[in-house]
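This is what each chain is made of:
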Amino acid sequence: MAQKNLEALFLHNLKDIYFAEQQMLKTLPLLAEAAESEELRSAFETHLSETEVQITRLEEIFGMVGEKPQGVTCEAILGLIKEGQGTLAEFKGGEAAEAALIAVAQAIEHYEIARYGTLKAWAEQLDLSEAADLLEESLEEETDTDELLTDLAEAAINREAL
Ligand code: FE
Ligand code: FE
Ligand code: FE
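In this text, all values refer to a predicted model and were calculated from it rather than measured experimentally.

About the thresholds
- Residues numbered from 1 in each chain as written.
- Chains lettered and ligands numbered in written order.
- Predicted model: local features only at pLDDT ≥ 70, side-chain atom pairs only at ≥ 80, totals over all residues.
- Heavy atoms only, no water.
- Helix = DSSP H or I, 4+ residues; strand = E, 2+ residues; numbered from the N terminus.
- Rg over C-alpha atoms; globule rule 2.2 N^0.38 Å.
- Buried < 20%, exposed > 50% of the residue type's maximum accessible area, 1.4 Å probe, protein only.
- Areas by Shrake-Rupley, 256 points an atom, 1.4 Å probe, with all protein chains shown as cover.
- Lys, Arg positive; Asp, Glu negative; His and termini not counted.
- Charge placed at Lys NZ, Arg CZ, Asp CG, Glu CD.
- Donors = N, O, S within 2.8 Å, 3.2 Å for Na, K, Ca; no water.
- Tetrahedral: all angles 85-135°; square planar, octahedral: opposite > 155°, others 65-115°.
- Contact = heavy atoms within 4.5 Å.
- Core = buried A, V, L, I, M, F, W, Y, C linked by side-chain atoms within 4.5 Å.
- Patch = residues over 30% accessible without salt bridge, like charges linked within 9 Å, V, L, I, M, F, W, Y side chains within 5 Å.
- Salt bridge = Lys/Arg side-chain N within 4 Å of Asp/Glu carboxyl O.

**Here we look at the overall build of the chain**
Here is step 1 of the chain: What the chain contains, in helices and strands, is five helices and zero strands.
Here is step 2 of the chain: Each helix and strand of the chain, ordered N terminal to C terminal, gives the series α-α-α-α-α.
Here is step 3 of the chain: Here the C-alpha atoms of the chain give a radius of gyration of 17 Å, agreeing with the 15 Å that 2.2 N^0.38 yields for 162 residues.
Here is step 4 of the chain: Judged by the C-alpha coordinates and their principal axes, the chain covers about 55 × 25 × 20 Å.
Here is step 5 of the chain: Per-residue burial over the chain gives 41% buried out of 162 residues.
Here is step 6 of the chain: Total accessible area computed for the chain in this model is approximately 8800 Å², and 51% of it derives from carbon and sulfur atoms.
Here is step 7 of the chain: For the chain, the centre of its 11 positive side-chain charges and the centre of its 35 negative side-chain charges are spaced 8 Å apart.

**So, unusual backbone geometry**
Here is step 1 of the chain: One non-glycine residue, Asp-127, adopts positive backbone phi at about 60°.
Here is step 2 of the chain: Structurally, Asp-127 is set in the loop between helix H4 (97-125) and helix H5 (129-161).
Here is step 3 of the chain: Here Asp-127 falls in the exposed class, since its relative accessible area comes to 69%.

**Focus on the coordination of the iron ion (ligand 2)**
Here is step 1 of the chain: The protein atoms donating to the iron ion (ligand 2) are Asp-16 (OD), Asp-16 (OD), Cys-74 (SG) and Tyr-111 (OH), with metal-donor distances spanning 1.9 to 2.5 Å.
Here is step 2 of the chain: With four donor atoms in place around the iron ion (ligand 2) and angles of 55 to 127° between them, the coordination shape is irregular.
Here is step 3 of the chain: Here the donor residues for the iron ion (ligand 2) map to a single chain with the spacing D-x57-C-x36-Y. Here Cys-74, found in the loop between helix H2 (38-64) and helix H3 (75-91), pairs with Tyr-111, found in helix H4; they are 37 residues apart in sequence, far enough to count as distant. Each member of the pair, Cys-74 as well as Tyr-111, is classed as buried.

**Considerations on the side chain of Asp-16**
Here is step 1 of the chain: Residue placement: Asp-16 occurs in helix H1 (residues 6-34).
Here is step 2 of the chain: What Asp-16 contacts, discounting residues up to four positions off in sequence, is Val-72, Thr-73, Cys-74, Tyr-111 and Arg-115.

**Quick word on the nonpolar core**
Here is step 1 of the chain: Phe-10, Leu-14, Leu-40, Phe-44, Ile-77 and Leu-135 are the most contacted members of the largest nonpolar core, which totals 42 residues.
Here is step 2 of the chain: At eleven residues, H1 tops the list of elements feeding residues into this core.

**A short note on the coordination of the iron ion (ligand 1)**
For a metal bound by four donors in a tetrahedral arrangement, the ideal donor-metal-donor angle is 109.5 degrees, while six donors in an octahedral arrangement ideally sit at 90 or 180 degrees.
Here is step 1 of the chain: Around the iron ion (ligand 1), the protein contributes the donor atoms Glu-21 (OE), Glu-21 (OE), Gln-54 (OE1), Glu-112 (OE) and Glu-142 (OE), which lie 2.1 to 2.3 Å from the metal centre.
Here is step 2 of the chain: Positions of the donor residues of the iron ion (ligand 1), expressed as sequence spacing, correspond to E-x32-Q-x57-E-x29-E.
Here is step 3 of the chain: Between the iron ion (ligand 1) and the iron ion (ligand 3) the interatomic distance comes to 3.2 Å, and Glu-112 is a ligand of both metals. You can see Gln-54 sitting in helix H2 and its partner Glu-112 sitting in helix H4, a full 58 residues away along the chain. Take Gln-54 and Glu-112: they sit in the same class, and that class is buried.

**Re a negative patch on the surface**
Here is step 1 of the chain: A cluster of like negative charges, contributed by Glu-140, Asp-144, Glu-147, Asp-151 and Glu-154, occupies part of the molecular surface.
Here is step 2 of the chain: Tracing the backbone through its elements, the reader meets Asp-144 in helix H5.

**Quick look at the pattern of salt bridges**
Here is step 1 of the chain: Evaluation of the coordinates by the stated rule reveals six salt bridges.
Here is step 2 of the chain: In this structure, Arg-115 and Asp-16 form a salt bridge, with 3.0 Å as the shortest nitrogen-oxygen distance. Residue Arg-115 is located in helix H4, and its partner Asp-16 is located in helix H1; the two are separated by 99 residues in the primary sequence.
Here is step 3 of the chain: The exposure class of Arg-115 is partly exposed, given its relative accessible area of 22%.
Here is step 4 of the chain: The buried category is assigned to Asp-16, whose relative accessible area is 8%.
Here is step 5 of the chain: Between Lys-120 and Glu-136 there is a salt bridge, with the nearest N and O atoms lying 3.0 Å from each other. You can see Lys-120 sitting in helix H4 and its partner Glu-136 sitting in helix H5, a full 16 residues away along the chain.
Here is step 6 of the chain: What makes Lys-120 partly exposed here is its relative accessible area of 22%.
Here is step 7 of the chain: We classify Glu-136 as partly exposed; its relative accessible area is 23%.
Here is step 8 of the chain: A single network of salt bridges, built from pairs that share partners, joins Arg-57, Glu-137 and Glu-141.

Function cannot be inferred from these measures alone, as they are strictly geometric.
Here is the structure:
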């Protein structure tokens, strides 16, 4: 019978975020392409490079717990992407297109922040301190991205959307 302890739960969520990050490798270039402002495009491009590193960190963590890197379908990220595509299609070409883009991206960042925050706490409880450090690095990148998106929205894009 499959284990149902914290270690198993940690591994399950590691697979979940691994799947989600891979979806973001495909989605961030589309967001960058859809961005009109140079700042927003470059924010998405920077975060794409960070995402590549985040995936290698997750692969390191799989190694630390003696598992092969493997994803498990994350319905949440698929739903956020699908919902986002709908919103972007609806507001494409309008004054609020950039605001929509930022809102879609921030929902995704918040999901990642939730996952990395939880995984880091569990890694500490499981005495996986090196894993916890790697998860903290990714958590900081997600948080910084979220804050940068807020700054961009507040600086110009929300005003232009009016
Ligand atoms: Fe990420
Ligand atoms: Fe998920
Ligand atoms: Fe992210």
